[in-house]
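As a plain string of letters, each chain reads:
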Amino acid sequence: NGLHVVLKGYLAMAAGLVVGLGLPAVDHWLNVRVPLFVFSTQDAARSMRGTVATATVSVAGIAFSVTVVAFTLSANQLSPRVLRSFRRDLIAQLTLASFLGTFVYCVAVLARLGASRAEHVPYLSIALAIVLALTSFGLFALFIGHIANMLQPSSIISSIALDAREELTRPFPAGLGGEPSDPARAEASARSRCASKPGSPVRHRGDGFLVVVRAAEIVDLAEREDALVRQTAPIGAYVLPGEPVAEVWPREDDAAEKLAERVGELFQLGSQRTLPQDPGFPIRQLADVALKGLSPGVNDPTTATNALEAMTACLLRFAGSEKAGAVRVGRSGEPRLLVEAPDLDRLTRLGFAQPIEFVGADPVVRERIRRLLGSLRQTALHHGLRHVRIDELLARDAGRGGAAAAREEGR
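Quick caveat, the model's predicted, so the values are computed rather than measured.

1. A look at the overall build of the protein
Along its length, the protein carries 14 helices and eight strands. Counting all 411 residues of the protein, 44% fall into the buried class. Just so you have it, the protein exposes about 20,400 Å², and 58% of that area is on carbon and sulfur atoms.

See the structure below:
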């Protein structure tokens, strides 16, 4: 997230400060002359360092101001959520860190030179400043070309689709401990216990997006209490204060309230959705890009179609991937956690429900949506997956298409 960018910037400045304060002493001790950089006095060296410091901070400010404006315009055209692509971009982070580190290094050396009365010219310190400046401007040239490519809608869609593939290949709860040897039997046992009597709701005191379910800790807690926990709020859902996120079935009914309070602490909320454990988040982003493209203000059906095609490719991979069991078991082998796992039907509805409403009378986009949904339905049938909502989307698309055609004929 954005904290990583800030942290790398601070680390670069800290490194520049340490090297800038320490290298002049080493320079004075070694007394090395660099033939490429000849300065007669410390004033000349000080002037060179001031020039490097001023140039780096000025170019850094201009570059990142222009970049933020460009990404803001791109966000208005595609989706505000695409700004996360800039925050986590490695080249952007390296460029920012290089400029900040070079600037702080030059300022630190200038401070050391000002405090020193010696007339020795610190050739090593000057050489390093020039090398850092050249490196920074080299990264800046690479950064400009990279940003120009990164701001293209197809590049942003590809970046989001890559995140989706990674999350949908091994969706939640894959990778978590406590996977049963017989998932179907464990899930049947868990659902039987849930149906035996009403569970006690687990209510969260805060509000925000459900971003992390600490499944291992929930399983350990349920194992100690001989209880079963069923997640009711999917990851990525916005949880209101006091809204249930799960239900518990403890061995003793008297322990339900206390157990529910402890379990609620293991459902982590955040101010924004994140990728880990949330395969619906990149699908939501691609749907937003499609909606922007279909909106009258943007009117970019090509970008909308590309986003829907990338989304469908991700969903097809999800349908063909091996699914992890929805039940996690404890050391005793008994079901302890029944998660709200994503399925193809719900993810398809998340991605297509709103674009179908906004596609209007565009015959090309509507026909493409119909073909994409048909492909998802065939894949669901092939893998034996639920497709009730996919059928509903196809029926809605047919109804919207007929109504739009009638309006066009009336005009």
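2. Considering the side chain of His387
By the secondary structure assignment, His387 is in the loop between α13 (363-383) and α14 (388-410). According to the relative accessible area criterion, His387 is buried, its value standing at 18%. Setting aside residues no more than four positions away along its own chain, His387 makes contact with Asp345, Arg377, Ala380 and Leu381.

3. Digging into helix α9 (residues 256-264)
Ala256, Leu259, Ala260, Val263 and Gly264 are the residues of α9 that are buried. Down the axis of α9, the buried side of the element spans an arc of 135°, and every buried residue falls inside it. For α9, exposure combined with an orientation more than 90 degrees from the buried face picks out Glu257 and Lys258. Next to the buried residues of α9 lie β1 (200-203), α8 (215-225), β3 (228-231), β5 (244-249) and β6 (267-270).

4. Focus on the packing of aromatic side chains
Going through the model one piece at a time under the given rule, you end up with three aromatic pairs. Between Phe99 and Phe137 the ring centres are 5.8 Å apart and the planes differ by 85°, which places this aromatic pair in the edge-to-face class. Note that Phe99 is positioned in helix α4 (residues 90-115) and Phe137 in helix α5 (residues 123-150), a separation of 38 residues in sequence. With a centroid separation of 5.1 Å and 90° between ring planes, the pair formed by Phe209 and Tyr238 is classed as edge-to-face. You can see Phe209 sitting in strand β2 (residues 208-213) and its partner Tyr238 sitting in strand β4 (residues 238-239), a full 29 residues away along the chain. Using a relative accessible area of 23% as the deciding quantity, one classes Phe209 as partly exposed. Aromatic ring contacts, followed pair by pair, group Phe99, Phe137 and Phe140 into a single cluster.

5. Topic: the sheet that holds β1
Pairing in this open sheet of five strands is mixed, and the strands run β1-β5-β3-β8-β7 from one edge to the other. Of all strands in the sheet, those bounded by a partner on one side alone are β1 and β7 (327-329). Each neighbouring strand pair of the sheet contributes to a mean axis angle of 25°, computed without reference to strand direction. Across four bridges, β3 lies against β5 in antiparallel orientation. Looking at the pairing, Leu228 lines up with Trp249 of β5.

6. Some details on the sheet that holds β2
The antiparallel open sheet is built from three strands, whose spatial order is β4-β2-β6. The open sheet has two free edges, formed respectively by β4 and β6, since each of these has just one partner strand. Summarising the sheet, β2 and β6 pair through four bridges and their orientation is antiparallel. Bridging from a neighbouring strand, Val213 pairs with Phe267 of β6.

7. A word on the packing of helix α12 (residues 344-358) against α13
What describes two packed helices is the angle between their axes and the distance between those same axes. Put simply, α12 and α13 touch, their axes get as near as 12 Å, and they point 170° apart. The angle between the axes of α12 and α13 places the two elements in the roughly antiparallel class. Residue-level contacts link Leu344, Thr348, Phe352 and Ile356 of α12 to Arg366, Ile369, Leu372, Leu373, Leu376 and Ala380 of α13.

8. Thoughts on unusual backbone geometry
One non-glycine residue, Asp226, adopts positive backbone phi at about 50°. Taking the relative accessible area as the measure of exposure, Asp226 reaches 27% and is therefore partly exposed.

9. Quick word on the environment of Glu367
Mapped onto the secondary structure, Glu367 falls in helix α13. Spatially, the C-alpha atom of Glu367 lies 9.9 Å from that of Ala398, the residues being 31 residues apart in sequence. Polar side-chain contacts of Glu367 include one of 2.8 Å to the side chain of Arg370.

10. A look at the packing of helix α10 (residues 280-294) against helix α11 (residues 301-320)
Interhelical geometry of α10 versus α11 gives an angle of 160° and a closest axis separation of 7 Å. As judged from the angle between their axes, α10 and α11 are roughly antiparallel. The chirality of how α10 crosses α11 is left-handed. Between α10 and α11, the contacting residues are Ile283, Leu286, Ala287, Val289, Ala290, Gly293 and Leu294 on the first element and Pro301, Thr303, Ala304, Ala307, Leu308, Ala310, Met311 and Leu315 on the second. For the contact of α10 with α11, the per-class residue count stands at 13 nonpolar, two polar and no charged.

11. Considerations on the environment of Glu223
Looking at the element boundaries, Glu223 is found in helix α8. Leave out the neighbours within four places in its chain, and Glu223 touches Gly330, Arg331, Ser332 and Arg336.

Analysis parameters
Residues numbered from 1 in each chain as written. Predicted model: local features only at pLDDT ≥ 70, side-chain atom pairs only at ≥ 80, totals over all residues. Heavy atoms only, no water. Helix = DSSP H or I, 4+ residues; strand = E, 2+ residues; numbered from the N terminus. Buried < 20%, exposed > 50% of the residue type's maximum accessible area, 1.4 Å probe, protein only. Areas by Shrake-Rupley, 256 points an atom, 1.4 Å probe, with all protein chains shown as cover. Contact = heavy atoms within 4.5 Å. Arc of directions from axis to C-beta. Phe/Tyr/Trp six-rings, centres within 6.5 Å; stacked < 30°, edge-to-face > 60°. Pairing = 2+ DSSP bridges. Axes fitted to C-alpha atoms, helices over the stretch in contact; angles between N-to-C directions. Parallel < 35°, antiparallel > 145°, perpendicular 65-115°, else oblique. Polar contact = N/O pair within 3.5 Å; in protein donor to acceptor, adjacent residues only side chain to side chain. Left-handed = near helix turned anticlockwise from the far one by under 90°. Nonpolar A, V, L, I, M, F, W, Y, C, P; charged D, E, K, R; others polar.

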